[in-house]
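# Architecture at a glance
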Amino acid sequence: FYHSNTVQERLDRGQTPLSIYNSGIPIDSLYGKSYKGGLIAYLNTTTGAGFVAAPVDQSTAAEWGCSGTLIPGADGMAIGTGAQNTIDIEAGCTEAGIAADICANLTLNSYSDWYLPSKEELNQLYLNLHQKGFGAFANDWYWSSSEHDANIAKLQNFSDGGGAIGEKVS
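For clarity, every value in this text was computed on a predicted model and none was experimentally measured.

## Examining the pairing of strand 3 (residues 50–53)
- Taking every second residue as pointing to the same face, the buried face of strand 3 carries F51 and A53, while none of G50 and V52 on the other face is buried.
- Across 4 bridges, strand 2 (residues 38–43) lies against strand 3 in antiparallel orientation. Along strand 3, the bridge assignment pairs Y42 with F51.
- Hairpin remark: strand 2 followed by strand 3, antiparallel, with 6 residues in the connecting loop; positive phi at G48, about 85°.

## Re the packing of aromatic side chains
- Summed over the entire model, instances satisfying the criterion amount to 5 aromatic pairs.
- A ring pair is formed by F137 and F158, whose centres lie 5.3 Å apart and whose planes are at 45°; its orientation type is tilted. Of this pair, F137 sits in the loop between helix 5 (119–128) and strand 4 (141–147) while F158 sits in the loop between strand 5 (152–157) and strand 6 (163–167); the two residues are 21 residues apart in sequence, bridging distant segments of the chain. Comparing F137 with F158 shows no difference in burial state: the two are buried.
- Aromatic pair Y142 and F158: ring centres 4.5 Å apart, planes at 45°, arrangement tilted. Of the two residues, Y142 sits in strand 4 while F158 sits in the loop between strand 5 and strand 6, which places them 16 residues apart along the sequence. Both residues of the pair, Y142 and F158, count as buried.

## So, the sheet that holds strand 4
- Taken in spatial order, the 3 strands make up an open sheet running 4-5-6, and their pairing is antiparallel. Of all strands in the sheet, those with a lone pairing partner are strand 4 and strand 6, marking the two edges. When the angles between neighbouring strand axes are averaged without regard to direction, this sheet yields 40°.
- The sheet contact formed by strand 5 and strand 6 spans 5 bridges and is antiparallel. By the bridge assignment for strand 6, I152 is matched with E167.
- Sitting on the sheet, helix 5 is in contact with strand 4, strand 5 and strand 6, with an inclination near 15° to strand 5.

## Remarks on the pattern of salt bridges
- On inspection of all chains with the given rule, the structure shows 2 salt bridges.
- Linking D28 and K132 is a salt bridge whose minimum nitrogen-to-oxygen distance equals 3.9 Å. Of this pair, D28 sits in the loop between helix 2 (17–22) and strand 1 (34–35) while K132 sits in the loop between helix 5 and strand 4, placing them 104 residues apart in sequence.
- Ionic pairing is found between K168 and E147, a salt bridge with its closest N-O pair at 2.4 Å. In this pair, K168 sits in the segment after strand 6 while E147 sits in strand 4, placing the two residues 21 residues apart along the sequence.

## A short note on the environment of G38
- Along the chain, G38 falls in strand 2.
- Here G38 falls in the buried class, since its relative accessible area comes to 4%.
- C-alpha of G38 to C-alpha of Q84: the two residues are 46 residues apart in sequence and 19 Å apart in space.
- Once residues within four sequence positions are removed from consideration, G38 is found in contact with K33, V52, A53, P55 and W114.

Rules used in this analysis
Residues numbered from 1 in each chain as written. Predicted model: local features only at pLDDT ≥ 70, side-chain atom pairs only at ≥ 80, totals over all residues. Heavy atoms only, no water. Buried < 20%, exposed > 50% of the residue type's maximum accessible area, 1.4 Å probe, protein only. Helix = DSSP H or I, 4+ residues; strand = E, 2+ residues; numbered from the N terminus. Pairing = 2+ DSSP bridges. Phe/Tyr/Trp six-rings, centres within 6.5 Å; stacked < 30°, edge-to-face > 60°. Axes fitted to C-alpha atoms, helices over the stretch in contact; angles between N-to-C directions. Contact = heavy atoms within 4.5 Å. Salt bridge = Lys/Arg side-chain N within 4 Å of Asp/Glu carboxyl O.

This is the structure we're talking about:
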């Protein structure tokens, strides 16, 4: 009986990204592989925490939404804050079809725990996926869930990796 040992096949057999990394596989070999409904975009090699990204864009024209409204709590920029930012945006902004709402209401590949990434999480998507040719990202601007103030939120340009702030309503 033969078992192939490619990273994707090991993930498909139920091994965790951390256990595969700890077996000596380089971290870059994990990025872009299918796992838990998306593409592995980040792995903390100490704790095993990480996140995946949807393999394709869910919208190309969604606004951040609620211009003029400060969303309490939606200001986390670090890795690990995107999910809470999205919860906070959903609680403080009832506009349907905005970027956070699309993510929060997404069911993809049987998973429904999607969220709009924080600024630093979005940067990891750019570095670990887009820059390496994984995912169907456009060379365009992407919203993060990180609010700057009542009228402005953080963006990242996937054509050059630059960050910026932009008006919440496109």
